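One-letter residues, chain by chain:
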Amino acid sequence: MTHVTPPGGTGLGRFNLSEWALHHRPLVLYLIVLFAVMGALAYTKLGQSEDPPFTFKVMVVKTNWPGASARDVEQQVTDRIERKLQELPHQYVRSYSRPGESLVFIAYRDSLPSKQIPELQYQTRKKVGDIRNQLPAGIQGPFLNDEFGDTYTNIYAITGDGFDYRALKDFADRIRAELLRVPGVAKVDFIGEQEQKIFVELSNSKLATLGIEPAQIMQTLAAQNAVQAAGAFETSTDRIYLRPTGTFDSLEAIRDLSIRANNRIFRLGDIAKVERGYVDPPQQQMRWMGREAMGLGVTMVAGGDVIALGRELDRAVDRVQREMPVGVELAPVASMPKAVQRSINEFVRALTEAVLIVLAVSLVSLGLRTGLVVTVSIPLVLASTFLLMWVLGIGLHKISLGALILSLGLLVDDAIIAVEMMAIKLEQGYDRFRAASFAYTSTAFPMLTGTLVTVAGFLPIATAQSSTGEYTRSLFEVSAI
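Note that this is a predicted model, so its numbers are computed, not measured. (Residues numbered from 1 in each chain as written. Predicted model: local features only at pLDDT ≥ 70, side-chain atom pairs only at ≥ 80, totals over all residues. Heavy atoms only, no water.)

**Q** Please provide a residue-by-residue account of the overall build of the protein chain, values included.
**A** From N to C terminus, the protein chain includes 16 helices and 15 strands. On C-alpha atoms alone, the protein chain measures out to a radius of gyration of 35 Å, which is more than a quarter above the 23 Å that the 2.2 N^0.38 rule sets for 481 residues. Along the first, second and third principal axes, the C-alpha set of the protein chain runs to 130 × 60 × 55 Å. In the protein chain, buried positions account for 35% of the 481 residues. By element, 56% of the accessible surface of the protein chain is carried by carbon and sulfur atoms, the whole surface being about 28300 Å². (Helix = DSSP H or I, 4+ residues; strand = E, 2+ residues; numbered from the N terminus. Rg over C-alpha atoms; globule rule 2.2 N^0.38 Å. Buried < 20%, exposed > 50% of the residue type's maximum accessible area, 1.4 Å probe, protein only. Areas by Shrake-Rupley, 256 points an atom, 1.4 Å probe, with all protein chains shown as cover.)

**Q** I'd love a proper account of a nonpolar patch on the surface, names of residues and values included.
**A** Among the surface-exposed residues, Phe-15, Leu-17, Trp-20, Leu-27, Tyr-30, Leu-31, Leu-34, Phe-35 and Met-38 lie close enough to one another that they form a single nonpolar patch of about 820 Å² accessible area. Counting residues per element, the ones that place at least two in the nonpolar patch are α1 (17–23) and α2 (25–45). At 6 residues, α2 tops the list of elements feeding residues into the nonpolar patch. Looking at the secondary structure, you find Leu-17 in helix α1. Among the residues examined, Leu-17 registers a relative accessible area of 43% and is labelled partly exposed. (Patch = residues over 30% accessible without salt bridge, like charges linked within 9 Å, V, L, I, M, F, W, Y side chains within 5 Å. Salt bridge = Lys/Arg side-chain N within 4 Å of Asp/Glu carboxyl O.)

**Q** How would you sum up the nonpolar core? Please name residues and give values.
**A** With 56 residues, the main nonpolar core has Ile-158 and Leu-179 as its most contacted residues. For this core, the element with the most residues is helix α13 (residues 398–427), which contributes 9 residues. Apart from residues lying up to four places away in sequence, Ile-158 is in contact with Leu-168, Ala-172, Ile-175, Glu-292, Ala-293, Met-294, Leu-296, Val-328, Glu-329 and Leu-330. With 19 residues, the next largest nonpolar core counts Ala-68, Val-73, Leu-88 and Val-128 among its residues. (Core = buried A, V, L, I, M, F, W, Y, C linked by side-chain atoms within 4.5 Å. Contact = heavy atoms within 4.5 Å.)

**Q** Which residues make up the pattern of salt bridges, and what values do they have?
**A** With the rule as written, the count across this model stands at 12 salt bridges. With a closest N to O distance of 3.8 Å, Arg-319 and Glu-178 form a salt bridge. Of the two residues, Arg-319 is situated in helix α10 (residues 306–323) and Glu-178 in helix α5 (residues 165–179); the sequence distance between them amounts to 141 residues. Given the relative accessible area of 34%, Arg-319 is considered partly exposed. Here the salt bridges share partners, and the residues they tie into one network are Lys-62, Arg-98 and Glu-101.

**Q** Which residues make up the sheet that holds strand β4 (residues 140–145), and what are the values?
**A** Ordered by their spatial adjacency, 4 strands build an open sheet running β2-β3-β1-β4, and the pairing between neighbours is antiparallel. Of all the strands in the sheet, the pair left with one neighbour each is β2 (91–98) and β4. In this sheet, adjacent strand axes meet at a mean angle of 15° when their direction is disregarded. Sheet topology note: the strand β1 (residues 58–64)/β4 ladder contains 4 bridges and is antiparallel. Residue pairing in the sheet places Val-61 in a bridge with Leu-144 of β4. (Pairing = 2+ DSSP bridges. Axes fitted to C-alpha atoms, helices over the stretch in contact; angles between N-to-C directions.)

**Q** Could you give me a rundown of the packing of α2 against helix α12 (residues 368–392), with the residues and numbers involved?
**A** Taken N-terminus to C-terminus, the directions of α2 and α12 make an angle of 55°; their axes are 7 Å apart at the nearest point. What the angle tells us is that α2 and α12 run oblique. Every pair of crossing elements has a handedness; the one defined by α2 and α12 is left-handed. Of the residues in α12, those in contact with Ile-32, Phe-35, Ala-36, Met-38, Gly-39, Ala-42, Tyr-43 and Lys-45 of α2 are Leu-380, Ala-383, Ser-384, Phe-386, Leu-387 and Trp-390. Among the residues making up the contact of α2 with α12, the classes are represented as 11 nonpolar, 2 polar and 1 charged. (Parallel < 35°, antiparallel > 145°, perpendicular 65-115°, else oblique. Left-handed = near helix turned anticlockwise from the far one by under 90°. Nonpolar A, V, L, I, M, F, W, Y, C, P; charged D, E, K, R; others polar.)

**Q** Give me the lowdown on the confidence of the model for the protein chain, citing residues and values where you can.
**A** Do not read the predicted coordinates in detail wherever pLDDT is low. Looking at the protein chain, pLDDT values average 81 and 96% of them are 70 or higher. Within the model, the stretch residues 1–13 combines pLDDT values under 50 with 13 contacts to residues more than four positions away or in other chains. (pLDDT = per-residue confidence, 0-100.)

**Q** Explain α5 to me, using residue names and the numbers behind them.
**A** An ideal rise of 1.5 Å per residue puts 21 Å on 15 residues; α5 measures up with 20 Å between its terminal C-alpha atoms. Every buried residue belonging to α5 is among Tyr-165, Ala-167, Leu-168, Lys-169, Phe-171, Ala-172, Ile-175 and Leu-179, and all of these are buried. (Expected span 1.5 Å × (residues − 1).)

Shown next, in the form of structure tokens:
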């Protein structure tokens, strides 16, 4: 029997993927099932977050100098730190000087690869450490912070009727310890934490009447509460350390301190007001529903599943709330898992609508079997995409989900073109084998080039050496997959 290829047919000597697949249908079916199952499993393991991970290329150096004017801070602290940091490559420095505070921002060049940032941050810490001894006495710091770009996945407010701030802080410590045990939690920060202080308020008129200098009281307090090594002696079995008594362990101990002046001894509590309080003015405060609150900010580990973390946190919060006294409430303020869940739900809804619309249109215009082929191609290709996303470490977030939705249009269009070409050739008298083979030779290359042109439109994003490119790179990667 002589086989003649009609004009425009499959041709001779050229590889035809459709023809090969039809000759190896068991293997193709096995690969379809395999990729579908593995893709479904990969979907459950993909990291989920609101934003894609990116490197925050800024670092801040904060130095406190209580009592200093803004000009003194600028000339003796900020300028010295700036000059030292200017020795680093690939950065520019911006600073602010305020009374008692110096802030120096180090912004690394945006075009630097993210893998170089940790080394530059290490060099920054070294430079600041080298200059620390040249700064004025009495400063606090410098403190270096390279984590202020972290995003809280959940924020909670601790409030309590009839409980003061100190009690709320004790509850916050207990809750923080419980939340750190939750899988997927990287750290838990306090929000609105106030530093405790002991205030000794002196009356100038009373001190003048008694002939006591304020400096005498300060020297006595500093000497009494000093921690110094007092030595040790050894026995045949032990080493025993000597520690002098007299350290302050309560407000009453401070009030009972003896002050010697003009050959007389005064009790500090009789000439001054000693109270426990918090730094004044407060650096940061948190209020929730009109009440004073203590906040907790939860940060997720890199590449984690924020939705799974949200479920674990909900269970932990419910357990902790049952253990708290009556009147103490742990209320959620902000929840990223809920926002991400809404984004995932919107994508699933868009996918479902696309499948239903394509199925309805295909069944009406192409028939049952042909319509099913087009419809089934959507979840199969998405399953393979999820598998490769998991292998390449691309999670589900607003950028990758947007790329998936954009790619649905290309996917549906290509499937319909291929099936429609087969249907046309079947109407022209081709058998099913030849019709399928012809569809590959006539439509594969045009569809491939058209898709590549569309994907190439996102290529500048993939090659951009900037934080913007790093943030949006998955738009190209997912479209290409």
